[in-house]
Amino acid sequence: MGLFFGALENPIMAEEMTARQQIVYQAKQMGRKSMSHAKTFAVMGLIFSAAECVVEKARAKHDITNSAVAGCVTGGALAAKGQSYLSCSQCARPAVCVPNSLI
């Protein structure tokens, strides 16, 4: 994802840059975006797996509810980090998008 989104970002002074400068700029942007996405995904995986483990231990069951609650906690935690006021909508998004194979 970082490589893709980094490649889409164009410099403000693109007309004044040489082809070599543009390639170097794009490569740096792709590297920065890749690291940013990797860190975010690692944090999301850590929060999700920890929350699911805690919920499963507390409920003593293994079913889809554990993943939904863990996804809700993950979305809320990531939304709180960004100080988003839409934490309710952020709650449901990872519960649907994060598959159990990540655990």
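Residues numbered from 1 in each chain as written. Predicted model: local features only at pLDDT ≥ 70, side-chain atom pairs only at ≥ 80, totals over all residues. Heavy atoms only, no water.

- The name recorded for the protein in an unreviewed UniProt entry is Mitochondrial import inner membrane translocase subunit TIM22, from Aegilops tauschii subsp. strangulata.
- As recorded by UniProt, the Subcellular location (unreviewed entry) comment attached to the protein reads in full: "Mitochondrion inner membrane". (UniProt positions renumbered as here; feature names shortened; annotations may be inferred.)

### Description of the environment of Val 43
Then, in step 1: Of note, Val 43 is situated in helix H2 (residues 19–59).
Then, in step 2: With 35 residues separating them along the chain, Val 43 and Leu 78 place their C-alpha atoms 8.8 Å apart. (Helix = DSSP H or I, 4+ residues; strand = E, 2+ residues; numbered from the N terminus.)

### Comments concerning H2
Then, in step 1: With 41 residues, H2 ought to run about 60 Å at 1.5 Å a step, and its terminal C-alpha atoms sit 59 Å apart, in line with that.
Then, in step 2: For H2, every residue scored as buried is listed here: Gln 26, Gln 29, Met 44, Phe 48, Ala 51, Glu 52 and Val 55. (Expected span 1.5 Å × (residues − 1). Buried < 20%, exposed > 50% of the residue type's maximum accessible area, 1.4 Å probe, protein only.)

### With respect to the confidence of the model for the protein
Then, in step 1: Here the protein averages 77 in pLDDT, and 78% of its residues register 70 or above.
Then, in step 2: When pLDDT is averaged over each helix and strand of the protein, the minimum, 55, is found for helix H4 (residues 87–97) and the maximum, 89, for H2.
Then, in step 3: Below a pLDDT of 50 lies the segment residues 98–103, which in the model reaches 7 contacts outside its immediate sequence neighbourhood of four places, other chains included. (pLDDT = per-residue confidence, 0-100. Contact = heavy atoms within 4.5 Å.)

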